[in-house]
Amino acid sequence: MNFWEYLGTRHQQLLTDTYQHASAVFQCMVIATLLGVLIGVISYRSGWGGSLAITSTSAILTIPSLAAIGLLIPLVGLGVPPTVIILTLYGLLPIVRNCIVGLRGVDPALVDAAKGIGMSRARRLLKVELPLAWPPILTGIRVSTQMLMGIAAIAAYASGPGLGNEIFRGLASLGSANAINQVLAGTIGIVILALLFDAAYVLLGRLTISRGIRA
Amino acid sequence: MPETVTTPSDSASARPASTSGATIQLENLTKSYPGSPSPAVEDVSMDIKAGETVILVGPSGCGKSTTLKMINRLIEPTSGRIRIGDEDVTDMDPVKLRRKIGYAIQSSGLFPHMTVAENIALVPKMTGWSKSGVKDRVEEMLDLVGLDPREFHGRYPRQLSGGQQQRVGVARALAADPPVLLMDEPFGAVDPITRDHLQDELIRLQHELHKTIVFVTHDFDEAIKLGDRIAVLRERSHIAQFDTPEAILTNPTDDFVSGFVGAGAALKRLNLTRVRDVGIADFPTVTVEDPLQSIFNKLRDGQHNELLMLDRRNRPYKWLRRGDLMRAKGSLARAGQLVHDTVTRDATLHDALEAVLTDSGGRVAVTGRRGEFIGVVDMQTLMNSVQELLEADRLAAMEHEHDLEELRSHRTEQELEGGDGGL
Ligand SMILES: Nc1ncnc2c1ncn2[C@@H]1O[C@H](COP(=O)(O)OP(=O)(O)O)[C@@H](O)[C@H]1O
Ligand SMILES: [Mg+2]
């Protein structure tokens, strides 16, 4: 069976895996973005707070994801919970870091002006600081998403959903007829998904970054 | 105020009545920044009248910005009180306070991700104006600062020149019609020609609006041009002198102030007086439509050595001297000297002097709003006026001294008599 025939016979399963992969990454990105921006907003104004947030999130990244999943299984079991936890944690770092850098990079004169015309702290954050920090935050989200695409594949190790199942199945049966096809299908699927997500982010950037600050 | 129905043409032509200035009183304001041994601003007291433009001028780092920012409490004073229009605002909610105080800064402070209209609309929106009210107000403010609403409405700050950004900054500061306007070196970052224009615009605006303006600059010439009164500040915002530009120029209290006034105080005085305030003299004129013979006759009958020829729209065109016509062999086209410089009645004496000095005949034509000829100003008139001005300033300064002296001795007397220790 060549690769195309393999796709033809297994497309139902592949589509389901692809959908679940995308859905897992997307949902975890939403959580990671909300959490990451929240952490950024809370910590950017204090010197040590910001450093603490960046250091602790990057510490997470140094743990090999496979090991992290392995360690989580005894705590939360198999399936969806370890997948969501791992993806969200790993997705945090670029977002937290870019959010802090972006918020700190807002021209102090503009913050002064915002205060000076009578904007409250919350309004300043929502109307001035976050919109101005949004381009770097969005870049962080893009980087996170790319990273999570790969990490999500590993979630299959803990019986999580997604294209990782194809890859793991193939790797487990190396030498058998469809092993290479399975690995190939899973990998190509992930690459295509990553490209699609990236295109979506470019579009999102067009729609959400003000023309006044777009590069 | 009763509600009145206005026709569209009414509301378009007449600006709604605007809130005019409020008094500002600073009482013993002190600011110590944490970690620095001496205060940045120490014990500043100042009474600013309603509708007055007060300039804080002083060397860099002397605490001008700190003083200004304590008025809208961007910086909280360490001690002292601030009163605006008889209301003690020292402990008021700063967010509410700031919406009643316009604030314009050097870099314009426009938010780059918002359009010009969105920037201007910010404060009116926050203070709860209706949607249509805000929209009209934005147009009106753009109009007020000399920008065409249709053209600039939807632009982003980066699509504007520095001068235009500054105008929008002022429009935003004034949008909710605050009685007080604080400006921190607003024209510090634009080129000299644009700065000159913006200063003229501010003078015109203030003429219409009568806000109370506190304006910070390190440029003494700017202070002279804009200020009703100038506070010359030394380190820690100590007030070296707080007086009218005239008084500071002619009677600086000490070496610090005279050092700051710089050389040429008498010359700077010229910036404070306008051509309309000195004698504009008549001058014999002819027009390009007059027949050649009558021009000849006018020159030859001995009364005038020189004529000014006006064009069809009564604008100064050529200086014609006796003999010019002879030399040009009777051809008007070649005779005489083109008028290359004119001044309006609003020009400063400085500008007029400049024009007179560069004119070979030692005079300059004064024109009206449409460029039409009004009269001339010559060297002699200028010299006389300047001398009169300086003399008057000197007298005023002496009188002022005298008044102060009297006040002081009066006070001492009272203290000696009273002695009840009421304070
Ligand atoms: N946020 C701050 N923290 C500590 N010191 C400050 C701060 N802002 C200003 N200063 C100090 O206070 C003094 C006055 O500053 P400023 O009011 O900005 O002066 P100016 O506007 O006249 O140039 C300066 O010595 C400056 O270094
Ligand atoms: Mg300053």
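Conventions we followed
Residues numbered from 1 in each chain as written. Chains lettered and ligands numbered in written order. Predicted model: local features only at pLDDT ≥ 70, side-chain atom pairs only at ≥ 80, totals over all residues. Heavy atoms only, no water. UniProt positions renumbered as here; feature names shortened; annotations may be inferred. Buried < 20%, exposed > 50% of the residue type's maximum accessible area, 1.4 Å probe, protein only. Helix = DSSP H or I, 4+ residues; strand = E, 2+ residues; numbered from the N terminus. Pairing = 2+ DSSP bridges. 1 Å grid on protein atoms, 1.4 Å probe; cavity = no way out; pocket = protein on both sides within 12 Å on 5 of 7 lines; lining within 4 Å. Points joined across faces, edges and corners; volume = space filled by probe spheres on them. Nonpolar A, V, L, I, M, F, W, Y, C, P; charged D, E, K, R; others polar.

In the annotation of an unreviewed UniProt entry, chain B is listed under the name ABC-type quaternary amine transporter and assigned to Streptomyces sp. gb1(2016). Per UniProt, chain B carries the Sequence similarities (unreviewed entry) text "Belongs to the ABC transporter superfamily."

## Here's the deal with the pairing of strand β7 (residues 180–184) of chain B
All names here are of chain B. In terms of burial, β7 is largely enclosed, as 5 of its 5 residues are buried. Burial of β7 is two-sided: the residues Val 180, Leu 182 and Asp 184 facing one way and the residues Leu 181 and Met 183 facing the other way are all buried. Pairing of β7 with strand β8 (residues 212–217), which is carried by 5 bridges, proceeds in the parallel orientation. Directly across from Leu 181, in β8, lies its bridge partner Ile 213.

## Describing empty space enclosed by the protein
Taken as a whole, this structure holds 4 cavities of 30 Å³ or more when the rule is applied. Its boundaries defined by the atoms lining it, the largest cavity holds a volume of some 80 Å³. Residue lining of the largest cavity: Val 145, Gln 166, Arg 167, Val 170, Phe 187, Leu 198, Glu 201, Leu 202 and Leu 205 of chain B, and that is the complete set. Elements represented by at least two residues in the lining of the largest cavity include exactly α7 (162–174) and α8 (192–209) of chain B. Top contributing element to the lining of the largest cavity by residue count: α8 of chain B, with 4 residues. Classifying every residue of the lining of the largest cavity by side-chain character gives 6 nonpolar, 1 polar and 2 charged. Forming the boundary of the second largest cavity are Ile 117 of chain A together with Arg 98, Arg 99, Ile 101, Gly 102, Tyr 103, Val 123, Arg 172, Ala 173, Ala 176 and Pro 178 of chain B. Mapped by element, the contributors of at least two residues to the lining of the second largest cavity are β6 (101–105) and α7 of chain B. The dominant element in the lining of the second largest cavity, judged by the number of residues it contributes, is β6 of chain B, at 3 residues. Residue composition of the lining of the second largest cavity, grouped by class: 7 nonpolar, 1 polar and 3 charged.

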